[in-house]
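# Structural features, examined
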Amino acid sequence: MIELSIEDNVAEVVLNAPAKMNALDEQAVVDLGKAYDDAAAAGVRALLLRGEGRGFCAGRDISQVDPATDDAYGYLSGVVTPVLRKMAEFPAPTFAAAQGAALGVGLGLLIATDVVYVADSAKIGSPFANLGATLDSGGHWLFTERLGAHRTLDLIYTAELMSGEEAVRAGLFSRAMPADELLETTRGIVGKVAQGATGAFRASKELVANIRDQRLGLWLATEEENAAQGRLCKSDDYAEGFKAFQEKRKPVFKG
């Protein structure tokens, strides 16, 4: 159900099981990780993650799970989390286009992506109250960080879902747009980013992750920026960017 295509330095990873809203069993998560490995090995300069059908990803596929023998910790900690970390550390800009449901592990896939565009009609939240389970795959972190404790627990206790438009207004994701414009718009942006200075983008990606995860203050973050710029100024793309600016033309970056 996981498909990978590569064209013009862009990898497109597709969750293709629309009949089950792209829900992920253990093998599908493993295959997703392999797709990211293959894309990284190909040296792509941007990656797009999307789902086929009316939903992005409804989360874990529990259709064949026996709760009496289920090892939820093993599935999440041993299988899902390593793949989410791999996605987050992908060595180029990553984007997701999410329509319909993005729940549970599906929400985790979005959290592990650099830039997320959602359809106005997307469904974001925690339906786990109806399963006797709890939100997973980084959902507690995202909601608490962006929404605060009260709104987070409101969503968890009630199992109510936010629309894509509401999620963007609340600061969860980057942009919301009509579902029929989502994929074309996202592909266009990803294609442009893939022509950019990939090394500089990677530096910013690492800086943002450090500021988030290490809670860097202003001056520590500034020093990391200084160091990153010092490394970049020795690159071909840096030289090309300055030369193009001085010659009043569009730069041609090698990534």
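Thresholds, definitions, all that
- Residues numbered from 1 in each chain as written.
- Predicted model: local features only at pLDDT ≥ 70, side-chain atom pairs only at ≥ 80, totals over all residues.
- Heavy atoms only, no water.
- Helix = DSSP H or I, 4+ residues; strand = E, 2+ residues; numbered from the N terminus.
- Rg over C-alpha atoms; globule rule 2.2 N^0.38 Å.
- Buried < 20%, exposed > 50% of the residue type's maximum accessible area, 1.4 Å probe, protein only.
- Contact = heavy atoms within 4.5 Å.
- Areas by Shrake-Rupley, 256 points an atom, 1.4 Å probe, with all protein chains shown as cover.
- Lys, Arg positive; Asp, Glu negative; His and termini not counted.
- Charge placed at Lys NZ, Arg CZ, Asp CG, Glu CD.
- 1 Å grid on protein atoms, 1.4 Å probe; cavity = no way out; pocket = protein on both sides within 12 Å on 5 of 7 lines; lining within 4 Å.
- Points joined across faces, edges and corners; volume = space filled by probe spheres on them.
- Nonpolar A, V, L, I, M, F, W, Y, C, P; charged D, E, K, R; others polar.
- Arc of directions from axis to C-beta.
- Pairing = 2+ DSSP bridges.
- Axes fitted to C-alpha atoms, helices over the stretch in contact; angles between N-to-C directions.
- Bend = angle between axes of the 7 residues up to and from the residue.
- Core = buried A, V, L, I, M, F, W, Y, C linked by side-chain atoms within 4.5 Å.

## What about the overall build of the chain?
When you go through the chain residue by residue, the secondary structure sums to 10 helices and 9 strands. Against the globule reference of 18 Å for 255 residues, the chain gives a C-alpha radius of gyration of 19 Å, in line with a compact fold. For the chain, with 255 residues in total, the buried portion stands at 42%. Long-range contacts, defined as pairs at least 24 residues apart, comprise 69% of the intrachain contacts of the chain with a sequence gap of at least 6. Only carbon and sulfur atoms are counted for the fraction: they give 53% of the accessible area of the chain, which is about 13,400 Å². Between the averaged position of the 26 positive side-chain charges in the chain and that of its 35 negative side-chain charges there is a distance of 7 Å.

## As for the layout of surface pockets
What the largest pocket holds in volume is close to 1,200 Å³. Forming the boundary of the largest pocket are 43 residues, of which A88, I111, A112, T113 and R212 lie nearest the centre. The dominant element in the lining of the largest pocket, judged by the number of residues it contributes, is helix α8 (residues 198-214), at 10 residues. Around the second largest pocket sit 22 residues that line it, and R60, I62, F128, L131 and A133 are the ones nearest its centre. The element that contributes the greatest number of residues to the lining of the second largest pocket is helix α2 (residues 72-88), accounting for 3 residues. Considering only residue class, the lining of the second largest pocket consists of 13 nonpolar, 5 polar and 4 charged.

## Regarding helix α4 (residues 139-147)
When we look at burial in α4, the residues that qualify are G139, L142, F143 and L147. Summarising the axial view, the buried residues of α4 lie within an arc of 90°, below the 170-degree limit, and thus occupy one face. Where α4 is buried, its residues meet α3 (105-111), β7 (123-125), α5 (149-158) and β8 (161-163).

## Some thoughts on the sheet that holds strand β4 (residues 94-98)
Ordered by their spatial adjacency, 6 strands build an open sheet running β1-β2-β3-β4-β6-β9, and the pairing between neighbours is mixed. In the strand order of this sheet, the two ends are held by β1 (2-7) and β9 (175-177), each with one partner. Across the sheet, the axes of successive neighbouring strands diverge by a mean angle of 20°, strand direction being ignored. Two strands pair when backbone bridges link them, and β1 and strand β2 (residues 10-15) are joined in this way by 6 bridges, in the antiparallel orientation. Bridge assignment links I2 to a residue of β2, and that residue is L15. Here helix α7 (residues 179-193) sits on the sheet and contacts β2, β3 (46-51), β4, β6 (115-119) and β9; the angle it forms with β3, its principal contact strand, is near 165°.

## Focus on α2
Taking the largest bend as the criterion, α2 deviates by roughly 35°, centred on V80, and proline P82 comes between one and four positions later. In this structure, the buried residues of α2 make contact with α1 (26-41), β3, α3 and α8.

## A word on the nonpolar core
Within the largest apolar cluster, 48 residues are counted, with the highest numbers of intra-cluster contacts made by L24, L32, L49, L109 and F173. Contacts of L109, omitting those with residues within four sequence positions, involve L15, L24, L32, L49, F56, C57, L84 and M87. Ranked by size, the runner-up nonpolar core spans 13 residues in total, among them Y117, V190, V193 and A194.

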